[in-house]
Amino acid sequence: MLRFKILASAVPLLAAAIFARAEIGSVSRPCIALGDTSVELTTLFWTAGVHVAFTDDPERATVRVRITEDANDADFAVVDDGLGSETESCEASPANRLVTIAAQPVDGGPVIYLSTDGPADYRIYVRSKTFSQREAAALIVGAHGGQRPLPLQAASL
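As the structure is a computational prediction, the values presented were derived from the model and not from experiment.

Asker: Pulling in residues and values, what's your account of the environment of alanine 138?
Answerer: Locating alanine 138 in the fold gives a position in helix H2 (residues 133-143). For alanine 138, a relative accessible area of 0% corresponds to the buried category. Sequence separation of alanine 138 and valine 99 is 39 residues, and the distance between their C-alpha atoms is 7.4 Å.

Here's what the structure looks like:
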């Protein structure tokens, strides 16, 4: 009976370890490099330092992100045509910043209003097979920790 109890208590731990390993070992998560730091989306909520949420109500937003149709008008542009992205730009390091998209605002974290017009804190241009517009918005806001815009010198995929 004691062996069964030990086995029963170990099964959830093994399942959690397998899930975490699959998430950590995955290399297909959206990520950008900003200087010596990289900003990466994660689905592991507890590992993220920044939790962003999205809203459809501009009054509830703390950060407004506008989607532009012209890369020249954007503060941040994501363009990838598949192969050829910089694979070394988001290697694991202590300087990585992990960002997760939460269903609801978390502890005063940034709430993003994504739109195609109106005033904006950030303007983004996204033409990507790997990034969605929401993911690009989460990364740019997460890069600043949810603070108001600071100028970006360079970012790479």
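Asker: Which residues make up the pattern of salt bridges, and what values go with them?
Answerer: Tallying each qualifying case throughout the model produces 2 salt bridges. Its salt-bridge partner being arginine 127, residue glutamate 69 comes within 2.7 Å of it at the nearest N-O pair. With glutamate 69 in the loop between strand S4 (63-67) and strand S5 (76-80) and arginine 127 in strand S8 (residues 122-128), this pair connects stretches of sequence that are 58 residues apart.

Asker: Describe in detail H2, supporting the description with residues and values.
Answerer: In an α-helix, one turn spans 3.6 residues; hence positions three or four apart end up facing the same way. Burial runs high along H2: 8 of the 11 residues are buried. If you check which residues of H2 are buried, you get Ala136, Ala137, Ala138, Leu139, Ile140, Val141, Gly142 and Ala143. Residue glycine 145 follows H2 closely and has a positive phi angle near 65°.

Asker: Describe in detail the pairing of S5, supporting the description with residues and values.
Answerer: Side chains Phe76, Val78 and Asp80 project from S5 onto a buried face, and the interleaved Ala77 and Val79 project onto a face without burial. The sheet contact formed by S5 and S8 spans 5 bridges and is parallel. Bridging across to S8, alanine 77 finds its partner in tyrosine 125.

Asker: Residue-level account of the packing of aromatic side chains, with values.
Answerer: For the structure on display, the rule yields 0 aromatic pairs. Note that arginine 134 overlies the ring of phenylalanine 54, its terminal NZ or CZ placed 4.1 Å from the centroid.

Asker: How would you sum up the sheet that holds strand S1 (residues 31-34)? Please name residues and give values.
Answerer: If you walk across this open sheet you meet the 8 strands as S1-S2-S6-S3-S7-S4-S8-S5, and the pairing is mixed. If you trace the sheet from one side to the other, it starts and ends with S1 and S5, each paired once. In this sheet, neighbouring strand axes are inclined to one another by 25° on average, regardless of whether the strands run parallel or antiparallel. Set on the sheet, H2 makes contact with S1, strand S2 (37-41), strand S3 (50-55), S4, S5, strand S6 (97-102), strand S7 (111-115) and S8; between it and S8 the angle comes to about 135°.

Asker: Before we move on, can you summarise the side chain of threonine 68 with the specific residues and values?
Answerer: Note that threonine 68 resides in the loop between S4 and S5. Among the polar contacts listed, one links the side chain of threonine 68 to the backbone oxygen of aspartate 70, at a separation of 3.2 Å. Leave out the neighbours within four places in its chain, and threonine 68 touches Asp73, Ala74, Arg123, Ile124 and Tyr125.

Asker: I'd like a rundown of the side chain of serine 38, residues and numbers included.
Answerer: If you trace the backbone, serine 38 turns up in strand S2. Here serine 38 falls in the buried class, since its relative accessible area comes to 2%. Reaching out from serine 38, the side chain makes a polar contact with the side chain of asparagine 96 at a distance of 2.5 Å.

Asker: Tell me what's going on with the nonpolar core, and back it up with residues and numbers.
Answerer: The biggest cluster of nonpolar side chains holds 25 residues, and the ones touching the most others in it are Val65, Ile124 and Val141. Secondary-structure elements contributing two or more residues to this core are S1, S2, S3, S4, S5, S8 and H2. In terms of residue count, H2 provides more of this core than any other element does, 7 residues in total.

Thresholds applied
Residues numbered from 1 in each chain as written. Predicted model: local features only at pLDDT ≥ 70, side-chain atom pairs only at ≥ 80, totals over all residues. Heavy atoms only, no water. Helix = DSSP H or I, 4+ residues; strand = E, 2+ residues; numbered from the N terminus. Buried < 20%, exposed > 50% of the residue type's maximum accessible area, 1.4 Å probe, protein only. Salt bridge = Lys/Arg side-chain N within 4 Å of Asp/Glu carboxyl O. Pairing = 2+ DSSP bridges. Phe/Tyr/Trp six-rings, centres within 6.5 Å; stacked < 30°, edge-to-face > 60°. Lys NZ or Arg CZ within 6 Å of the ring centre and 35° of its normal. Axes fitted to C-alpha atoms, helices over the stretch in contact; angles between N-to-C directions. Contact = heavy atoms within 4.5 Å. Polar contact = N/O pair within 3.5 Å; in protein donor to acceptor, adjacent residues only side chain to side chain. Core = buried A, V, L, I, M, F, W, Y, C linked by side-chain atoms within 4.5 Å.

Without other data, these values stay purely geometric and don't point to any function.
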